[in-house]
Amino acid sequence: MTITSERPELSSLAEQYAADGFVLVKGLLSKEEAAYYRQRSHDLLARLNRSDDPTWGAARDMADAPTKLQHLHDAQFYDAEFAKLLVDPRFTDVAAAVMGVDNVQLHHTKLFVKPPENGSPFPLHQDHPFFPHTYHRVGAAIFHFDDAPVEKGCVRVVPGSHKSGPRDHEAEGSYHLLEPAFDEATPQPAEAGDVLFFTYLTVHGSGVNTSDEARTTWLIQYRDPADPPTVKTHDWSLGQGMMLRGVDPTGRSAV
Ligand SMILES: O=C(O)CCC(=O)C(=O)O
């Protein structure tokens, strides 16, 4: 099945994604759904009450004062409502169309809450060095469960940056880019319900949340199951290899 010719709106998203390395899909979830998932996200993090903070070392240098970040890998293993979103065709049809494939496989998910006033930034980086794949058919979708204006530390991208392929990152273990400068990335302010799709080669990051409200997002990292990883890494993610759309034609499954 060729998805894009059957659904012209998907073809247009795929064209933008190919040109810019990202596309912001407005209103993929309704405001009510976004509010529902926002509440579930905050309840889940409160219930688990974990104290680890994934703020990058380099992120601490980007802020004037200490920052904080709450997170959870693979929320779908703790709350079935998140599992439903993983296979929601509103998401999976776009993920397939922008990668130009029929089949979409889970890599991992990350729930992030950037707390008010000091929510941690992310330095500019590609996701590629964390889990490199052979054909680079790997992407992310960031679901916004509340509004993310610039002052809340919305995601920023460098349009077209995916075209030059993998870049050399800072020393192994830190994985951020020294160039371009953070201010050269274009902010992608989003509203509750919007979903930002981008390739794992697209240079991206995000600013400090200086607002008086939390920024709540869920990031789903997915890939074409026919694109094998080149390095065995990040294979500890719960449920990696689950099919979100279509089939795994390789029969390789998981990592
Ligand atoms: O959520 C954000 O602000 C950015 C997250 C990000 O860049 C990442 O997890 O790789």
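Residues numbered from 1 in each chain as written. Predicted model: local features only at pLDDT ≥ 70, side-chain atom pairs only at ≥ 80, totals over all residues. Heavy atoms only, no water.

An unreviewed UniProt entry lists the protein chain under the name Phytanoyl-CoA dioxygenase PhyH, with Kribbella jejuensis given as the organism.

A. Structural view of the environment of E15. If you trace the backbone, E15 turns up in helix α2 (residues 8-20). Taking the relative accessible area as the measure of exposure, E15 reaches 58% and is therefore exposed. (Helix = DSSP H or I, 4+ residues; strand = E, 2+ residues; numbered from the N terminus. Buried < 20%, exposed > 50% of the residue type's maximum accessible area, 1.4 Å probe, protein only.)

B. The arrangement of helix α6 (residues 89-99) in detail. Counted residue by residue, α6 has 9 buried out of 11 residues, so it is predominantly covered. Turning to α6, its buried residues number three or more, namely F91, T92, D93, V94, A95, A96, A97, V98 and M99. Looking one or two places after α6, you find G100, whose phi comes out positive at around 75 degrees.

C. Quick look at the site of the ligand. Near the ligand the following residues occur: K110, F112, K114, F122, H125, D127, V155, H204, S206, R215 and L219. Contact distances for the ligand include 2.7 Å between an oxygen atom and a side-chain N or O atom of R215. Considering the ligand on its own, with 300 Å² of exposed area, one finds that the protein chains cover 99% of that surface. Elements supplying a minimum of two residues to the shell around the ligand: β3 (104-114), β4 (122-125), β9 (204-206) and β10 (215-223). Looking at the shell around the ligand, the element that brings in the most residues is β3, giving 3 residues. Within the shell around the ligand, the residues separate by chemical class into 4 nonpolar, 3 polar and 4 charged. (Near = heavy atom within 4 Å. Polar contact = N/O pair within 3.5 Å; in protein donor to acceptor, adjacent residues only side chain to side chain. Areas by Shrake-Rupley, 256 points an atom, 1.4 Å probe, with all protein chains shown as cover. Nonpolar A, V, L, I, M, F, W, Y, C, P; charged D, E, K, R; others polar.)

D. Representation of a nonpolar patch on the surface in the model. Judged by side-chain polarity, F77, Y78 and L238 come together as a nonpolar surface patch covering roughly 260 Å² of accessible area. Mapped onto the secondary structure, L238 falls in the loop between β10 and β11 (243-245). (Patch = residues over 30% accessible without salt bridge, like charges linked within 9 Å, V, L, I, M, F, W, Y side chains within 5 Å. Salt bridge = Lys/Arg side-chain N within 4 Å of Asp/Glu carboxyl O.)

E. Seen up close, the side chain of H128. Positionally, H128 belongs in the loop between β4 and β5 (138-144). Classification of H128 as buried rests on a relative accessible area of 14%.

F. Focus on the pattern of salt bridges. According to the stated counting rule, one finds 14 salt bridges in the structure shown. In this structure, D194 engages K26 in a salt bridge whose closest nitrogen and oxygen atoms are separated by 2.5 Å. Taken together, the positions of D194 in the loop between β7 (186-187) and β8 (195-199) and K26 in the loop between β1 (22-25) and α3 (31-48) put the pair 168 residues apart, joining distant regions of the chain. On the basis of relative accessibility, which here comes to 48%, the residue K26 falls in the partly exposed class. Here D93 makes a salt bridge to R245, at a shortest N to O gap of 3.0 Å. Here D93, found in helix α6, pairs with R245, found in strand β11; they are 152 residues apart in sequence, far enough to count as distant. When its relative accessible area of 14% is taken as the criterion, D93 is described as buried. A network of salt bridges, in which partner residues are shared, links R7, E9, D93 and R245.

G. Layout of the pairing of β5. In terms of burial, β5 is a largely internal element, 7 of the 7 residues being buried. Here β5 shows two buried faces, one formed by V138, A140, I142 and H144 and the other by G139, A141 and F143. In this sheet, β10 lies alongside β5 in antiparallel orientation, the contact comprising 7 bridges. Note that in β10 the partner of H144 across the bridge is T217. Looking at chain direction, β5 and β8 are connected through 5 bridges and run antiparallel. Bridge assignment links A140 to a residue of β8, and that residue is F198. (Pairing = 2+ DSSP bridges.)

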